[in-house]
Amino acid sequence: MEQPEPSTDMGRLTIRTGVPFDDTVSIVERKGLGHPDTMADHLAEALSRAYSAFTLDRFGVILHHNFDKLALLGGASEVRYGGGRMVAPIRVLVNGRAAHRCGDEILPVGELVESTVRAFFQERLPEAVGHLDIALNVTANPSPGAVITSEEVPERSRWFAPRDTSDLRERRTLLANDTSLGTGWAPRSPFEELVRELADTFSSPGPFTKAHPWCGSDVKVMGCWDGERADLVLCVPQKSSHVMSRAAYLRNAETVRAECHRIAGLRLPGADVDIRLNARDVPSHDELYLTYTGSSIESGDEGVVGRGNRVNGLITPLRPMNMEGANGKNPVYHVGKLYNLAAERLAHRLHEETGDYAEVHLVSTTGQPLDQPGRVLVRLAARDAQIDKVQALVAEALGSFPNLTDEIVREGVCLS
């Protein structure tokens with residue numbers, strides 16, 4: 001019979017040591033920069049940062065907003081060897097809420113959103129910039145709880161229409177906006193690092209994509225590992241204007257496979273690695289992952305915030321996860337963003353301290369102080385962890401939120 005995990009309970013904080021940990025079996029997914037879900041995530045976050053920076057510079061505070069319900073609806077394209085074109089636009093549904101005014105000053109929300117969206121696509125998918133249909137569905141409606149009485153106007157009704165910055169409750173005290181969960185763990189295994197590196201090699205600006213301009217960015221990698229064998233399925237598109245024939249496409253695919261085997265040999269030396277690339281291709285019928293822009297968003301696919309990589313950049317169903325879409329949330333008090341990032345960083349600190357696997361869960365209670373989660377659960381593989389040091393690291397993480405907000409806005413912390 002397994003021995004129970006040693007446990008230390010201190011009010012809201014529970015620390016468990018000697019937690020059994022097994023990373024010999026893994027299922028790992030990562031979506032690349034041009035995947036529609038990743039694009040939706042990153043665009044929502046770009047909008048939040050732009051709005052936050054604008055209001056911070058103008059008023060000295062970040063006004064209330066959330067763009068975390070953004071969606072991208074695919075357009076239509078025609079591709080042919082050596083060329084292609086867009087024939088229907090990509091719809092950008094900017095859904096959410098934002099303060100459109102502060103006192104008598106009207107904020108240029110529409111102009112800010114449009115310029116941010118176009119700059120994002122110029123960097124990510126330049127071929128699509130002239131083929132965007134941007135729909136602004138951003139309200140300033142108050143949160144639930146603004147009960148009207150015969151006395152004064154409820155405070156909540158001013159959160160998205162403040163008379164001045166004194167109407168922002170978070171200037172007095174930071175409270176959690178929701179009852180939610182932040183989760184983090186560390187370290188990543190060599191196989192998890194392999195999946196991440198493969199997706200980034202083919203979707204991010206770097207030596208491979210610079211040397212091979214035909215490589216598109218809508219990359220996805222799915223990997224399974226049983227301790228001895230790695231099965232990897234990759235989708236790596238090619239850009240039609242750089243591919244002149246079916247034979248050229250197939251040669252390029254062999255280049256991708258060779259690079260996969262090279263990287264896998266470095267990350268998992270001696271392991272048996274099976275790689276499948278663009279499994280739906282039927283070359284004899286010219287059914288190929290050939291795109292005009294490098295992303296399936298050009299041709300009917302959709303992207304929605306929260307469906308992509310978690311805050312740590314991976315999708316790992318055999319590890320602890322939660323369903324929060326962190327991107328686009330207000331970086332001041334939205335626990336779906338702050339608790340996930342704080343839990344991830346705390347887990348890495350605990351791993352460094354103990355030399356072994358660490359897992360952190362932060363559970364918020366809506367309306368309660370942001371730095372006082374309803375529950376904090378720390379699970380450590382190490383049996384000899386020093387509880388006082390663990391407590392100190394937890395306290396440090398929970399005191400980091402104002403600095404974390406500034407880092408998110410000013411430094412553009414990647415959340416996926």
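Source: prediction; values computed, not measured. (Residues numbered from 1 in each chain as written. Predicted model: local features only at pLDDT ≥ 70, side-chain atom pairs only at ≥ 80, totals over all residues. Heavy atoms only, no water.)

A separate point is the side chain of Thr-201. Tracing the chain through its elements places Thr-201 in helix H3 (residues 190-203). On the basis of relative accessibility, which here comes to 17%, the residue Thr-201 falls in the buried class. A polar contact is formed between the side chain of Thr-201 and the backbone oxygen of Glu-197, at a distance of 2.7 Å. If near-sequence neighbours (up to four positions away) are discounted, Thr-201 is found in contact with Phe-208, Thr-209, Glu-259 and Ile-263. (Helix = DSSP H or I, 4+ residues; strand = E, 2+ residues; numbered from the N terminus. Buried < 20%, exposed > 50% of the residue type's maximum accessible area, 1.4 Å probe, protein only. Polar contact = N/O pair within 3.5 Å; in protein donor to acceptor, adjacent residues only side chain to side chain. Contact = heavy atoms within 4.5 Å.)

Take unusual backbone geometry next. Residues Ala-186 and Pro-187 are joined by a peptide bond in cis, for which omega reads 5°. With a phi close to 45°, Asn-278 is a non-glycine residue in the positive phi region. Along the polypeptide, Asn-278 turns up in the loop between strand E16 (272-277) and strand E17 (290-291). The buried category is assigned to Asn-278, whose relative accessible area is 5%. With a phi angle near 55°, Asp-286 is a residue other than glycine that sits in the positive phi range. Locating Asp-286 in the fold gives a position in the loop between E16 and E17.

This paragraph deals with the environment of Ser-48. With respect to the element layout, Ser-48 can be found in helix H1 (residues 36-59). As a C-alpha pair, Ser-48 and Pro-154 span 106 residues in sequence and 26 Å in three-dimensional space. Every residue in contact with Ser-48, bar those within four places of it in the chain, is listed here: His-65, Phe-67, Gly-328, Lys-329, Pro-331 and Lys-337. Side chain to side chain, Ser-48 and His-65 meet in a polar contact 2.9 Å long.

This structure, assessed with the given rule, holds 28 salt bridges. Linking Glu-192 and Arg-319 is a salt bridge whose minimum nitrogen-to-oxygen distance equals 2.8 Å. Highlighted residues: Glu-192 in helix H3 and Arg-319 in the loop between strand E18 (302-304) and helix H6 (335-354), separated in sequence by 127 residues. The residues Glu-192 and Arg-319 share a single accessibility class, namely buried. Glu-259 is paired through a salt bridge with Arg-262; the nearest N and O atoms lie 2.8 Å apart. Taken together, the residues Glu-259 and Arg-262, both in helix H5 (residues 246-267) and three residues apart, mark about one turn of the helix. (Salt bridge = Lys/Arg side-chain N within 4 Å of Asp/Glu carboxyl O.)

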